[in-house]
Amino acid sequence: MNKKQKKNFIRIIASSILIAVILLLPVSEKTKFFLFFIPYLVIGYDILLKALKGIINLKPFDENFLMAVATVGAIALGEYTEGVAVMLFYQIGELFQSIAVGKSRRNISELMDIRPDYANLEIDFEKSEIKTVSPDEVKVGSIIVVKPGEKIPIDGVIVEGKTTLNTSALTGESIPREVKEDDEVLGGCINCSGVIRVRTVKEFGQSTASKILELVESASSKKSKSEYFISKFARIYTPVVCVAALTLVLIPPVVRMFILNTDALWNLWIYRALTFLVISCPCALVISIPLTFFAGIGGASSAGILIKGSNYMESLSKVRYLVFDKTGTMTKGVFEVTGVHHGIMENEKLLELAALAECYSNHPISKSLQRAYGKEIDKTRVHDVKEISGHGISAVVDGKQILAGNAKLMISEKVEFTECHCAGTIIHIAIDKKYAGHIVISDIVKPDSALAVKNLKALGIKQTVMLTGDSKRTAEKVAEEIAIDKVYSELLPQDKVSKVEELLNQKDLGENLAFVGDGINDAPVLSRADIGIAMGALGSDAAIEASDVVLMDDNPLKISKAIRISKKCMRIVYQNIAFALGVKFACLVLGALGISNMWTAIFADVGVMVLCVLNAIRVLFGKKS
Amino acid sequence: MKKTYNIEVDCANCANKMEDAAKKTEGVVNATVNFMLLKMTVEFADDADTKKIMKEVLKNCKKVESDCEIEIDE
């Protein structure tokens, strides 16, 4: 509790004791009436003052004014216990709200806490002199020392030492990452095992941790439709209830007096109108909606999913069509040797020859051959390397002429070869113009892609679509493997935009289309879709900029997790709206009929708020899958 | 030009009222109050005297919610 909350807590205790004492005192009703002003003023003086200020500033319809009128009215009607009690409960409710909101604010902020407090700046390496400074003061290119258990304050490159990093604060991924010299490290990760010296490459303000924090903070400022609805509703709700209360005071007694010719029962109707005023405070509604979104965004960010605004949380929950990019999204985006066929020698031997022939090339295909070979390449065995553009390579290895390339190369060199039925890039090899077999290189589907698509289907996604620039055969194979509904292949980047537009036109109203890409050269598509989801965006500013939802690592399972969180969040938002409105209207009706009184009204008001706040916090807890 | 200020306010509805009051202040292009983070983001015209406008914003906010506070840095 802060100072203000403590003060209010003491006021609540003091006035409760006073009320109890006065009730037990053996004095006349009249004395009690006057004595009750003491606890009333103790508990309500600030409300009365604020109400007065509201009147002076010509803004009368605020809840302070309403509480003041309701309680003063009750006291004037002789229901002084009730008047004081209503004020007391109102204050208890306010105190609870303030504590609960403060606590969840702190909890959620802690979840998102990746801000480092300090940096160990190295002043003199020889004397190992280190100074602890604020991360703001560290210049680009400085050397900082990060000890085990400390947060890496700023993005940089390791110059000395190796360690394992806990990246879970950034990615939600709990498996530690091993890093060594020359590896890039990101601010916000926790160093687990060894001491490392890091040369900073960015200023603190530009570092990943700062960027993410900025993103999350600005996220909850982008309001959703539900939030706008509630604030609009709150604006008209209070005046409308006040007018209703006034009608209740005037119409029924007048009708009774002049039409029914019976007693007007003024006191009864005034009391019922005052009950209305107690119910007219919109706080429960207004507090629970932003709190739910805030908790949702906080919970998602602790799972490595950045949702850039409450509005995107809302749209994400309505996604029915999911369009994926292939390379880097559903596949690893790195080429690997997946097969060696029709070899006239051992596979390893063929691979070795191919790797040697391609050893001077930097092409991704050559690199994957070298990776698959896995051993040190002795370049002295290779001579006369000729690159035949668009075809492949000719080289002399161990005195034999090797041709490595596509079918065109084999045809132009008049080598008979066997066609391959596999999807992917095929490298045919010929030794001294004799066919020696071929190597298949293809992009590998991520291990979780199939499960991710299945999960999405279970979440009510109507259609999954894959767009790719790759060949039809490769695309269809991948689509089949992970059970994607539709696939469009051989697309140029601008074709992807028009395909997405086509799909956008097909969907029904209230359904959203999300595009998932890795943020590399698909920024236009990301911004064209209803929701752009960038994947594996850690450290890529362009992707973070262009998308609405950022998945910090490249695990496709995060897509379904993001949608699940958004759905849960929206479910709770609607529950809270329905519950709070329902209880309020029920109380209004019961109050008008005289079934409920001021006691139930204040309990409804405070109770609804408590339950809504607790319900909102529920977003944070969920299945950890 | 956008600037963000720390604010103090007790209830969510009061935060909404502050947002309205800030929006209506002269010199303010747009304003959003984030109750959860207790921050007010105000958008000014490019050459505006932000400090002067913020004093005005605070005055207007005080009218709707006398308890509120805005940290206007010097």
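Residues numbered from 1 in each chain as written. Chains lettered and ligands numbered in written order. Predicted model: local features only at pLDDT ≥ 70, side-chain atom pairs only at ≥ 80, totals over all residues.

Chemist: Is there a simple way to think about the overall build of chain B in this case?
Modeler: Within chain B one finds two helices and four strands. What you see for chain B is a C-alpha radius of gyration of 11 Å, in line with the 11 Å of a compact globule of 74 residues. By principal-axis analysis of the C-alpha atoms, chain B measures approximately 35 × 20 × 20 Å. By sequence separation, contacts in chain B at least 24 residues apart represent 56% of the contacts at least 6 residues apart. (Helix = DSSP H or I, 4+ residues; strand = E, 2+ residues; numbered from the N terminus. Rg over C-alpha atoms; globule rule 2.2 N^0.38 Å. Contact = placed C-beta atoms within 7 Å.)

Chemist: For this particular structure, what's the right way to read the overall build of chain A?
Modeler: Along chain A, the regular secondary structure elements total 22 helices and 22 strands. Taken over C-alpha atoms, the radius of gyration comes to 35 Å for chain A, far larger than the 25 Å a tight globule of 625 residues would show. In terms of overall dimensions, chain A has C-alpha extents of about 120 × 70 × 35 Å along its principal axes. Per-residue burial over chain A gives 44% buried out of 625 residues. The long-range fraction of contacts in chain A, counting pairs at least 24 apart against all pairs at least 6 apart in sequence, stands at 64%. (Buried ≥ 20, exposed ≤ 12 C-beta atoms within 10 Å, placed from the backbone.)

Chemist: Even after reading the chapter, I still don't get the sheet that holds strand β2 (residues 28–34) of chain B, so can you show me in this structure?
Modeler: Sheets are built from strands paired through backbone hydrogen bonds, the pairs being either parallel or antiparallel. Residues and elements named next belong to chain B. Ordered in space as β2-β3-β1-β4, the four strands form an open sheet in which the pairing is antiparallel. Among the strands making up the open sheet, the edge pair consists of β2 and β4 (69–70). Sheet topology note: the strand β1 (residues 2–8)/β4 ladder contains two bridges and is antiparallel. Among the inter-strand pairings, Ile-7 is bridged to a residue of β4, identified as Ile-70. Lying over the sheet, helix α1 (residues 12–24) contacts β2 and β3 (39–44), oriented at roughly 170 degrees with respect to β2. (Pairing = 2+ DSSP bridges. Axes fitted to C-alpha atoms, helices over the stretch in contact; angles between N-to-C directions.)

Chemist: Just to check I follow, could you spell out the sheet that holds strand β4 (residues 156–160) of chain A for this structure?
Modeler: Residues and elements named next belong to chain A. On the basis of which strands lie adjacent, the open sheet formed by six strands has the order β2-β1-β3-β9-β4-β7 and antiparallel pairing. With one partner strand each, in any of the chains shown, β2 (129–133) and β7 (184–185) form the two edges of the open sheet. Bridge analysis of strand β1 (residues 119–124) against strand β3 (residues 143–146) gives two bridges, and the strand direction is antiparallel. Each bridged residue has a counterpart across the sheet, and for Asn-120 the counterpart in β3 is Val-145.

Chemist: Just to check I follow, could you spell out helix α3 (residues 37–56) of chain A for this structure?
Modeler: Residues spaced three or four apart along an α-helix point in a common direction, a consequence of the helix completing one turn every 3.6 residues. Residues and elements named next belong to chain A. Taking 1.5 Å of rise per residue, 20 residues should cover 28 Å, yet α3 covers just 24 Å from first to last C-alpha, more than 12% shy of that figure. Every buried residue of α3 is accounted for by Pro-39, Tyr-40, Ile-43, Gly-44, Ile-47, Ala-51 and Gly-54. Just downstream of α3, Leu-58 is the residue with a positive phi angle, here 60 degrees. (Expected span 1.5 Å × (residues − 1).)

Chemist: Looking at this structure, I do not really get the pairing of β3(A). What am I missing?
Modeler: Looking along a regular strand, one sees the side chains alternate between the two faces of the sheet. All names here are of chain A. With burial as the criterion, only one face of β3 is covered, namely that bearing Ile-144 and Val-146; the residues Ile-143 and Val-145 on the opposite face remain uncovered. Pairing between β3 and strand β9 (residues 196–200): four bridges, direction antiparallel. The residue of β9 that forms the bridge with Val-146 is Ile-196.

Chemist: I keep staring at the domain arrangement of chain A and nothing clicks. Help me out?
Modeler: The figure often quoted for interface size is the accessible area lost as the parts come together. Each assigned domain of chain A is listed with its residue range as follows: domain 1 (1–111), domain 2 (119–211), domain 3 (223–317 + 556–625) and domain 4 (319–509). Put simply, the middle of domain 2 of chain A and the middle of domain 4 of chain A, counted by C-alpha atoms, are 37 Å apart. (Domains from an automatic or database assignment.)

Chemist: Would you explain the nonpolar core in this entry?
Modeler: As a rule of thumb, nonpolar side chains are buried together in soluble globular proteins. Formed by 165 residues in total, the largest nonpolar core has its most connected members in A:Val86, A:Ile287, A:Ile307, A:Ile533, A:Val549 and B:Met18. Discounting residues that sit within four places of it in the chain, A:Val86 has contacts with A:Ala70, A:Thr71, A:Ala74, A:Val278, A:Met598 and A:Ile602. (Core = buried A, V, L, I, M, F, W, Y, C linked by C-beta atoms within 7 Å.)

Chemist: I keep staring at the interface of chain A and chain B and nothing clicks. Help me out?
Modeler: Taken together, the contacts link 19 residues of chain A with 14 residues of chain B. With six residues, helix α10 (residues 283–302) of chain A is the single largest residue contributor to the side of chain A that touches chain B.

Chemist: How should the pairing of strand β16 (residues 425–431) of chain A be read in this particular structure?
Modeler: β16(A) sits mainly inside the fold: five of its seven residues count as buried. What sits between β16(A) and strand β17 (residues 434–445) of chain A in their antiparallel hairpin is a turn of two residues, with A:Asp432 showing a positive phi close to 45 degrees.

Chemist: In this structure, what is going on with unusual backbone geometry? I would like to understand it.
Modeler: Note: most peptide bonds trans; most residues except glycine with negative phi. Residue and element names in this part refer to chain A. One non-glycine residue with positive phi stands out, namely Asp-384, at about 50 degrees. Judged by the 9 C-beta atoms lying within 10 Å of it, Asp-384 falls in the exposed class. At Asp-398, a residue that is not glycine, the phi angle is positive and equals roughly 50 degrees. A residue is classified by how many C-beta atoms lie within 10 Å of it, and Asp-398, with 12 of them, is exposed.

Chemist: What exactly am I supposed to notice about the packing of helix α9 (residues 266–279) of chain A against helix α21 (residues 557–593) of chain A here?
Modeler: A pair of packed helices can be characterised by two numbers: the angle between their axes and the separation between those axes. Residues and elements named next belong to chain A. For the pair α9 and α21, interaxial distance at closest approach is 9 Å and the crossing angle is 170 degrees. With respect to each other, α9 and α21 are oriented roughly antiparallel. Taken together, the residues of α21 that come into contact with α9 (itself represented by Arg-272, Thr-275, Phe-276 and Ile-279) are Lys-584, Cys-587, Leu-588, Gly-591 and Ala-592. For the contact of α9 with α21, the class distribution of residues is five nonpolar, two polar and two charged. (Parallel < 35°, antiparallel > 145°, perpendicular 65-115°, else oblique. Nonpolar A, V, L, I, M, F, W, Y, C, P; charged D, E, K, R; others polar.)

Chemist: Is there a simple way to explain helix α13 (residues 347–357) of chain A in this structure?
Modeler: In terms of burial, α13(A) is a largely internal element, eight of the eleven residues being buried. Taken together, the buried positions of α13(A) are A:Leu350, A:Leu351, A:Glu352, A:Leu353, A:Ala354, A:Ala355, A:Leu356 and A:Ala357.

Chemist: Even after reading the chapter, I still don't get the environment of A:Val385, so can you show me in this structure?
Modeler: Residues and elements named next belong to chain A. Relative to the elements of secondary structure, Val-385 occurs in strand β13 (residues 382–388). Each C-alpha atom of the pair Val-385 and Asn-555 lies 40 Å from the other, and the pair is 170 residues apart in sequence. Excluding its chain neighbours within four sequence positions, the residues that come into contact with Val-385 are Tyr-360, Ile-393 and Ala-395.

Chemist: I'm lost on the packing of helix α16 (residues 449–458) of chain A against α21(A) in this one. Help?
Modeler: Residue and element names in this part refer to chain A. Here α16 crosses α21 at 20 degrees, and the two axes come no closer than 7 Å. Taken together, the axes of α16 and α21 are roughly parallel relative to one another. Pair α16 / α21 crosses with left-handed handedness. Judged by residue contacts, Leu-451, Ala-452, Asn-455 and Leu-456 of α16 engage Leu-557, Ile-559 and Ser-560 from α21. In terms of residue class, the contact of α16 with α21 is built from five nonpolar, two polar and no charged. (Left-handed = near helix turned anticlockwise from the far one by under 90°.)

Chemist: Would you mind going over the environment of B:Val42 with me for this structure?
Modeler: As for its position among the elements, B:Val42 is in strand β3. Not counting residues within four places of it along the chain, the set of residues in contact with B:Val42 comprises B:Lys3, B:Tyr5, B:Ala22, B:Val28, B:Ala31 and B:Val57.

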